Amino acid sequence: MQVLLIFILIVVFGYLFSSLIIKDLPLAERGGLSYLLGMGLITLLIFFFSWAGIKITATSIIAIVSGLISLLFFVLVLLKRKIEIRLPNVQRIFIELSWFEKIICLVIGVIFSLSLLIALYYPVYVWDALALYDFTAKIVAQTGYFVQIANQYFYFAQYPLLVPLGHTIVYLFGGSNPQFIYSLYFFSFAAIFYSVIRKGASRPAALFATLLLVTTPALFAHSTFAYTNLPYTAFYVIGIIYLYIAVTRNRPDYLLMSSLLVGLSTWARSAEPLWLAEILIVLIYAVRKKSIYSALIFLVPFFIIQQPWNIFQARLYGPTLSTAGQISLIPAILSTGVDFKRIWDVSLYVYRNVVQSWGPILAIFLIAVFFDIKNWITRKNLIMLLIILANFMTIYTGTYLFSIRFQEWKDIPDSAIRMSMFFPPLMIYYISLVLGKVSPKDK
């Protein structure tokens, strides 16, 4: 019961925070964002308070969340923002659905139910989840500290704390199995995904795209156990989609939300600097608009979220783990010259362990690109396509540089597959833009 209460409060915080940034959102999208923002920002703030010396306990977490809810409510009242939840008539909506739509809804419902049942039935068991994330969570729950004892455990601070602190919250409030957290990430991701597609596509198209999303094997599997990849994918993909909406519709509020979500993706996983692609897009957008404000509204919140963990890690392990530290090694690596055999080996590796894992989605994506060629002259969907390509080139380049530094680079194909989990959702969204006839203009 205590676990349910704290998660309700976290969602309420996320709801109020999302309402502060974007006024009007459909209920499904608002609900999904409430969970993502609530979990992301609350765990980040717990880390900040731990850094300040405040003990991590159930009481301190309740105080943090309740205080933030009160503050946000006060700010929303001052801004005269309406805070209301309009519950839809689910029975009436379901009756109005076509048989095709009803079948899709039932299949999606079954998939969600299976995800939650599996997550609740099995304890934390996958190796990294057990030995790394959950171990960290239990130590923090027992001692009340993270920052103060991080240097006592070599692996304690290898990854950001979104996942471990999520587990810590469950344990501190009397829970015994935190894996339901990932099913909730799965539900929230799908709800937002459906909503953003539905804004410009027909209901059957949006439902079918959501069905493709939830039946993606990697996403479903990761919704049942405690890894960082699903939360990372949810934050990163929705952040990119909001960036696309912000750029194509000139929406500063969506640009700010994109910044927060992409920033929180680094709070799940910080090793892969894929966000460099989004920063490049934002800078190009700001130059074309001749507006430094557009750049600042993305960059400032992003680095406020992304930098503290890098600073903390640099103090423990030195600067080599930071993005700047990794980038500084590139000139020395490239000074050895271009190795064409290595380029070929890396290409084969990426194809076999990344591209092939996308399955039929890749074929549909290529068909969508072919049909969209005629629209390139108007740049209707080109921005989304460029973001996908920029991310792919970032992964390819990173793999090439990794292969030069580490001889065992070919021994971790599963890691490459997990790292690229966000591509199928992005490709499905692009497919919906082209084949679902989504317009970049507000309707």
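Counting starts from 1 at the beginning of each chain's written sequence and moves along it residue by residue. Owing to the predicted nature of the model, reporting of local features is limited to residues with pLDDT of at least 70; listing and counting of side-chain atom pairs is limited to 80 or more, with chain, interface and lining totals taken over all residues. Here the side-chain values reflect all heavy atoms present in the structure, with hydrogen atoms and water set aside.

Chemist: Explanation requested: the packing of helix H13 (residues 276-289) against helix H14 (residues 292-317) in the structure shown.
Modeler: When two helices pack together, you describe them by how their axes are tilted relative to each other and by the distance separating the axes. Here the axes come from fitting lines to C-alpha atoms, over the contacting stretch only for helices, and the angles between their N-to-C directions go from 0 to 180 degrees. Counting from the N terminus, the helices are the DSSP runs of H or I reaching at least four residues and the strands are the DSSP runs of E reaching at least two. Their axes nearest at 8 Å, the elements H13 and H14 cross at an angle of 155 degrees. The orientation of H13 with respect to H14, classified from their angle, is roughly antiparallel. In this structure, H13 uses Glu278, Ile279, Val282, Leu283, Tyr285, Ala286 and Lys289 to contact H14, whose residues at the interface are Ser294, Ala295, Phe298, Leu299, Phe302 and Phe303. When an angle is under 35 degrees it counts as roughly parallel; over 145 it counts as roughly antiparallel; between 65 and 115 it counts as roughly perpendicular; any other value is oblique. Between two residues, a contact is recorded if the distance between any of their heavy atoms is within 4.5 Å.

Chemist: Before we go on, may I ask you to explain the packing of aromatic side chains in this structure?
Modeler: For any pair of aromatic rings, geometry is given as the distance between the ring centres together with the angle between the planes. Think of it this way: a Phe, Tyr or Trp ring, Trp meaning its six-membered ring, pairs with another when their centres are within 6.5 Å, and the plane angle makes it stacked under 30 degrees, edge-to-face over 60, tilted otherwise. Counted under the stated rule, the structure contains 40 aromatic pairs. Taken together, a centroid distance of 5.3 Å and an interplanar angle of 65 degrees make the contact between Phe7 and Phe180 edge-to-face. With Phe7 in helix H1 (residues 2-21) and Phe180 in helix H8 (residues 180-198), this residue pair connects regions lying 173 residues apart in the sequence. For the ring pair Phe112 and Phe187, a centre distance of 4.8 Å and an interplane angle of 55 degrees mean the geometry is tilted. Of this pair, Phe112 sits in helix H5 (residues 99-121) while Phe187 sits in helix H8; the two residues are 75 residues apart in sequence, bridging distant segments of the chain. In this structure an aromatic cluster arises from ring pairing among Phe47, Phe48, Trp51, Phe146, Trp267, Trp309 and Phe312.

Chemist: Mind showing me how you'd approach the nonpolar core here?
Modeler: The tendency in soluble globular proteins is for nonpolar side chains to be buried side by side. Residues Phe7, Phe146, Tyr185, Tyr242, Tyr429 and Tyr430 are the most contacted members of the largest nonpolar core, which totals 144 residues. For this core, the element with the most residues is helix H11 (residues 229-249), which contributes 15 residues. Both domain 1 (240-274 + 284-328) and domain 2 (336-443) contribute no fewer than three residues apiece to this core. If we skip the residues at most four places from it in the chain, Tyr429 touches Phe193, Val196, Ile197, Ile241, Tyr244, Ile245 and Met384. As used in this record, nonpolar core signifies buried Ala, Val, Leu, Ile, Met, Phe, Trp, Tyr and Cys residues forming a set joined through side-chain atoms within 4.5 Å. Only protein chains enter the accessibility calculation, which uses a 1.4 Å probe; a residue whose area is less than 20% of its type maximum is buried, one above 50% is exposed, and one in between is partly exposed. Domain start and stop positions are those given by an automatic or database domain assignment.

Chemist: Can you help me understand the UniProt feature "domain: Glycosyltransferase RgtA/B/C/D-like" (unreviewed entry) in the chain in this one?
Modeler: UniProt positions are given in the numbering used here, feature names are shortened, and annotations may be inferred rather than shown by experiment. As annotated by UniProt and renumbered to match this structure, "domain: Glycosyltransferase RgtA/B/C/D-like" (unreviewed entry) occupies residues 190-300. Secondary structure within residues 190-300 divides into 79% helix and 0% strand; the distance between the first and last C-alpha atoms comes to 28 Å.

Chemist: Would you mind showing me how to read the pattern of salt bridges here?
Modeler: Whenever Lys or Arg places a side-chain nitrogen within 4 Å of a carboxyl oxygen from Asp or Glu, that contact is recorded as a salt bridge. Summed over all chains, the structure comprises six salt bridges. A salt bridge links Asp134 to Lys138; its shortest N-O distance comes to 3.5 Å. With Asp134 and Lys138 both in helix H6 (residues 127-143), this residue pair falls four residues apart, about one helical turn. The class for Lys138 is partly exposed, based on a relative accessible area of 38%. Residues Glu272 and Arg269 are paired through a salt bridge, measuring 2.8 Å at the closest nitrogen-oxygen approach. Look at Arg269 and you get buried, because its relative accessible area is 10%.

Chemist: What exactly am I supposed to notice about the domain arrangement of the chain here?
Modeler: You'll often see interface size given as the accessible area lost when the parts meet. In terms of domain boundaries, the chain breaks down into domain 1 (240-274 + 284-328) and domain 2 (336-443). In this assembly, 12 residues from domain 1 lie in contact with 16 residues from domain 2. Of the roughly 1,300 Å² buried between domain 1 and domain 2 on both sides combined, carbon and sulfur atoms contribute 68%. Summed over both partners, the accessible area (1.4 Å probe) lost when two parts come together is defined as the buried area. When the buried area of domain 1 at its contact with domain 2 is split by residue, Ile240, Tyr244 and Leu274 rank highest and sum to 51% of it. One can count zero salt bridges joining domain 1 with domain 2. The definition of a polar contact used here is a pair of N or O atoms within 3.5 Å, where within protein one atom must be able to donate a hydrogen and the other to accept one, and adjacent residues in sequence count solely through side-chain atom pairs. Counting every contact that joins domain 1 to domain 2 gives zero residue pairs in polar contact (both at pLDDT 80 or more).

Chemist: Sorry if this is basic, but what is going on with helix H17 (residues 340-353) here?
Modeler: Side chains of residues three or four places apart in an α-helix project in the same direction, reflecting 3.6 residues per turn. Helix length check: H17, at 14 residues, gives a terminal C-alpha distance of 20 Å against a target of 20 Å (1.5 Å per residue), a fit within 8%. Within the span of H17, buried status applies to Asp345, Val346, Tyr349, Val350 and Asn353. Relative to the axis of H17, the buried residues are bounded by an arc of 130 degrees and lie together on one face. Residues of H17 that are exposed and point more than 90 degrees away from the buried face comprise Phe340, Lys341, Trp344 and Arg352. By this rule the span expected of a helix is its residue count minus one, scaled by 1.5 Å. Working definition: the arc comes from the directions between the helix axis and the C-beta atoms, pointing outward to the latter.

Chemist: Before we go on, may I ask you to explain the packing of H5 against H8 in this structure?
Modeler: Packing of H5 against H8 brings their axes to within 8 Å, and their N-to-C directions diverge by 160 degrees. With respect to H8, the element H5 is oriented roughly antiparallel. Crossing hand, H5 versus H8: right-handed. Residues Ile111, Phe112, Ser115, Leu116, Ala119 and Leu120 of H5 touch H8, and the partners they reach there are Phe180, Ser183, Phe186, Phe187 and Ala190. Split into classes, the residues belonging to the contact of H5 with H8 amount to nine nonpolar, two polar and no charged. Here is the rule for handedness: rotate from the far helix to the near one, and if that takes an anticlockwise turn smaller than a right angle the crossing is left-handed, while a clockwise turn gives right-handed. The residue classification treats Ala, Val, Leu, Ile, Met, Phe, Trp, Tyr, Cys and Pro as nonpolar and Asp, Glu, Lys and Arg as charged. All others, Gly included, are polar.

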